[in-house]
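# Working through the structure, step by step
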Amino acid sequence: MAAMSIPTPHPFRDLLHTQRVWDTELPSFDPATAPPAPVPLFHGWFAAAVAAGQPEPHAMTLATADAEGFPDVRTLMLHDADERGFHFATHATSAKGHQLAARPHAALGFYWPAQGRQVRVRGPVLRCTPAESSADLHARSTGALAAALTGSQSEVLDSVAALHRAADAAWERAEAEPDAEAPTWTRYVVEPAEVEFFQGDARRRHIRLRYRRAERAEAGAGAWTRELLWP
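Now for a look at the structure at hand.

Thresholds applied
- Residues numbered from 1 in each chain as written.
- Predicted model: local features only at pLDDT ≥ 70, side-chain atom pairs only at ≥ 80, totals over all residues.
- Heavy atoms only, no water.
- Pairing = 2+ DSSP bridges.
- Helix = DSSP H or I, 4+ residues; strand = E, 2+ residues; numbered from the N terminus.
- Phe/Tyr/Trp six-rings, centres within 6.5 Å; stacked < 30°, edge-to-face > 60°.
- Buried < 20%, exposed > 50% of the residue type's maximum accessible area, 1.4 Å probe, protein only.
- Lys NZ or Arg CZ within 6 Å of the ring centre and 35° of its normal.
- Contact = heavy atoms within 4.5 Å.

Sheet analysis places strand β8 (residues 194-199) next to strand β9 (residues 207-213), joined by six bridges and oriented antiparallel. Across the sheet, E194 pairs through a bridge with R212, a residue of β9. When β9 meets strand β10 (residues 224-229), the two strands line up antiparallel, connected through six bridges. Paired with R212 across the two strands is T225, which belongs to β10.

Pasting the structure below:
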């Protein structure tokens, strides 16, 4: 009789498979009640995430592509969402700044597990004016200004000690000169061509509502097409 094989333990895989999602009561979402444009719905979902205690609901993933077309992704903070689109800021000399200069399109992803919700955004990216970028920089905290003044984002760092020296000097300058400028600091806006809202369901009957900017001229500027997607 052949010996019975004993499964080899896989600590990471075993740990991974014991994780659960949405261990809470999820809200309902009736797509028939959704507004004609996506930003008001985003505002409502964001407020609901805050009320539900979602940590850092303004954190989002930003996906770009480099000059060769290879994808890249990172997490950063949303600075605004208005009729123009979804705003964020970074140094134009950073990796994402160079990628957006070469290929000015991006995708955003928000995930709010406290309510089993996701929002996905895709569209072209525009650079805001220098005045808007400066206002963005100085509307933030001393720490954020110091980080911007540190500069050299995405460049190779010689040592942690070099980072500490530069960061300490930037903090001192930010405190002494709250109006100091960081010339490469740039505000960007993703002009949404598509926005998808995902509402999770414990029985996997997930609701996916996609807004697509209308292409027909007679639809009027700012008009959107809404459609449901299979989960």
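Moving on, we get to the packing of aromatic side chains. By the definition in use, this model includes 13 aromatic pairs. A centroid spacing of 5.8 Å and a plane angle of 70° characterise the contact between F197 and Y211, whose relative ring orientation is edge-to-face. With F197 in strand β8 and Y211 in strand β9, the pair connects residues that are 14 residues apart, well separated along the chain. For the pair shown, F197 and Y211 are each scored as buried. Among the aromatic side chains, those forming a connected cluster through ring pairs are F29, W45, F197, Y211 and W224. A cation over an aromatic ring shows up here: R117 above the ring of W45, its NZ or CZ 4.1 Å from the ring centre.

Turning our eyes to something else, we now look at the environment of L26. Residue position: L26 is located in the loop between α1 (11-17) and α2 (38-51). With relative accessibility at 19%, the residue L26 sits in the buried group. Along the sequence, L26 and Q153 sit 127 residues apart, while their C-alpha atoms lie 39 Å from each other. When neighbours within four sequence positions are excluded, L26 is seen to be in contact with Q115, G116, Q199, G200, D201 and A202.

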